[in-house]
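Architecture at a glance
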Amino acid sequence: MKTIPEMFHKVAQQNADRAAAIDGQVAVTYAQLEARVNALAGYLQKMGVRVGDRVGLMLPNSLDFVVSYRGIAATGAIVVPLNEHYQLNELLYFLDVCRISVLITCEQFASLCRQVLSQYDAPCQLILAEQHATDRAHDPTLFDPTGVQINPDAPLMFQFSSGSTGRPKQIGRTHRNLLFELDSLVETLDVSNQDRFIGVAPFSHVNGLVRSMMASQRAGATLYPVAKFERRAVAKLIENAQI
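Here we summarise the structure given alongside this text. Everything numeric in this text was worked out from a predicted model, so none of it was measured. (Residues numbered from 1 in each chain as written. Predicted model: local features only at pLDDT ≥ 70, side-chain atom pairs only at ≥ 80, totals over all residues. Heavy atoms only, no water.)

Here we look at the overall build of the protein chain
Put simply, the rule reads: Helix and strand definitions follow DSSP, with helices as H or I runs of at least four residues and strands as E runs of at least two, each counted in order from the N terminus. Values of the radius of gyration come from C-alpha atoms, whereas the globule rule sets the reference at 2.2 Å times the count of residues to the power 0.38. Relative accessibility under 20% of the residue-type maximum defines a buried residue, over 50% an exposed one, and the middle range a partly exposed one, all with a 1.4 Å probe and only protein chains included. Whether two residues touch is decided by their heavy atoms; if any such pair falls within 4.5 Å, the residues are in contact.
In terms of helices and strands, the protein chain carries nine helices and 10 strands. Its C-alpha radius of gyration of 17 Å places the protein chain within 12% of the 18 Å reference for a compact globule of 243 residues. With the principal axes as the frame, the protein chain shows a C-alpha extent of 45 × 45 × 35 Å. Considering the protein chain as a whole, with its 243 residues, one finds that 49% of them fall into the buried category. In the protein chain, the share of contacts with a sequence separation of at least 24, taken over all contacts with a separation of at least 6, comes to 68%.

Shown next as structure tokens:
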């Protein structure tokens, strides 16, 4: 395995019938998740997304985030996770620095994103996760992951520094770098497909994204994404799901 999409695909094949993610009342196996990912990847390709394009992702912790992140990665495009608490000027800055051409969000943030895009100086298509999830026209068989050639040393995503000493700086994370980090995490923590992860830290941040969302997928474990931290609800989930 040399790229993140190759890793995701292999893990899905090895754990096809195991639960990949449980988001509230919605549970999907790795096979079902793979189908959703391929459907989105095919849709993005139909929209013109190609290897190296930059796609923004502004969603709360959710199954939609997992599908969207993996779908973008499968096309060879670069994922730009955006914190859901960013304001208009911050979003404009990140879109401009990364030259984002597609932005995936949800109904909750659609109005803000449309305001941002109205002031953005480049073409950018807006996709609402809810619309894609309910559109039966997107066929997972229309995407062939073997037809996408990705350089392992190319960036999988752009993240940003905290900006504590100035404006946040763009940091490229390559496929090779992230595979090494994920393999190290899984080995060091002795994580297996029998484990259950709770995704509370924001997936837009390196901690929640790499150390919970991506690490759980690398291990073939089950992820429980939590959109908003509420102490009692999280404690109940940990107890009921035996996390």
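Quick word on helix H3 (residues 63–74)
Filter applied, for reference: In this analysis, the expected span of each helix is defined as 1.5 Å times one less than the number of residues it contains.
With 12 residues, H3 should cover 16 Å at 1.5 Å per step; its first-to-last C-alpha distance of 16 Å lies within 8% of that length. Three or more residues of H3 are buried, namely Leu63, Phe65, Val66, Val67, Ser68, Tyr69, Arg70, Gly71, Ile72, Ala73 and Ala74. With its phi angle positive at about 85°, Gly76 sits one or two positions after the end of H3.

Regarding the environment of Ala215
Position of Ala215 relative to the elements: it lies in helix H8 (residues 206–219). Along the backbone, Ala215 and Gln45 are 170 residues apart, and their C-alpha atoms lie at a distance of 26 Å. The residues touching Ala215, leaving out its near neighbours within four places in the chain, are Leu182, Val186, Phe197 and Val210.

Re helix H2 (residues 30–46)
For H2, built from 17 residues, the straight-helix expectation of 24 Å at 1.5 Å per residue is met to within 8% by its first-to-last C-alpha distance of 24 Å. For H2, the full list of buried residues reads Tyr30, Leu33, Glu34, Val37, Asn38, Ala39, Leu40, Ala41, Gly42 and Leu44. Positive backbone phi, approximately 105°, marks Gly48, located one or two places after H2.

Describing the pairing of strand E1 (residues 19–23)
Note the following rule: Should DSSP find at least two bridges between two strands, the strands are regarded as paired.
As paired strands, E1 and strand E2 (residues 26–29) are joined by four bridges and run antiparallel to one another. Paired with Ala19 across the bridge in E2 is Thr29. As consecutive antiparallel partners, E1 and E2 are separated by two residues, and within that stretch Gly24 has a phi angle of approximately 65°, a positive value.

A short note on the pattern of salt bridges
Here is the rule: Any Lys or Arg side-chain nitrogen found within 4 Å of a carboxyl oxygen on Asp or Glu counts as a salt bridge.
In total, this model carries six salt bridges according to the counting rule given. Residue Asp121 pairs with Arg99 through a salt bridge whose shortest N-O separation is 3.1 Å. With Asp121 in the loop between helix H5 (107–119) and strand E6 (125–128) and Arg99 in the loop between helix H4 (88–98) and strand E5 (102–105), this residue pair connects regions lying 22 residues apart in the sequence. Under the relative-accessibility criterion, Arg99 is labelled partly exposed at 37%. One salt bridge connects Glu181 with Arg173, and the closest N-O pair in it is separated by 2.4 Å. Both residues of the pair, Glu181 and Arg173, belong to the buried class. Each of Asp96, Arg99 and Asp121 takes part in a single network of salt bridges with overlapping partners.

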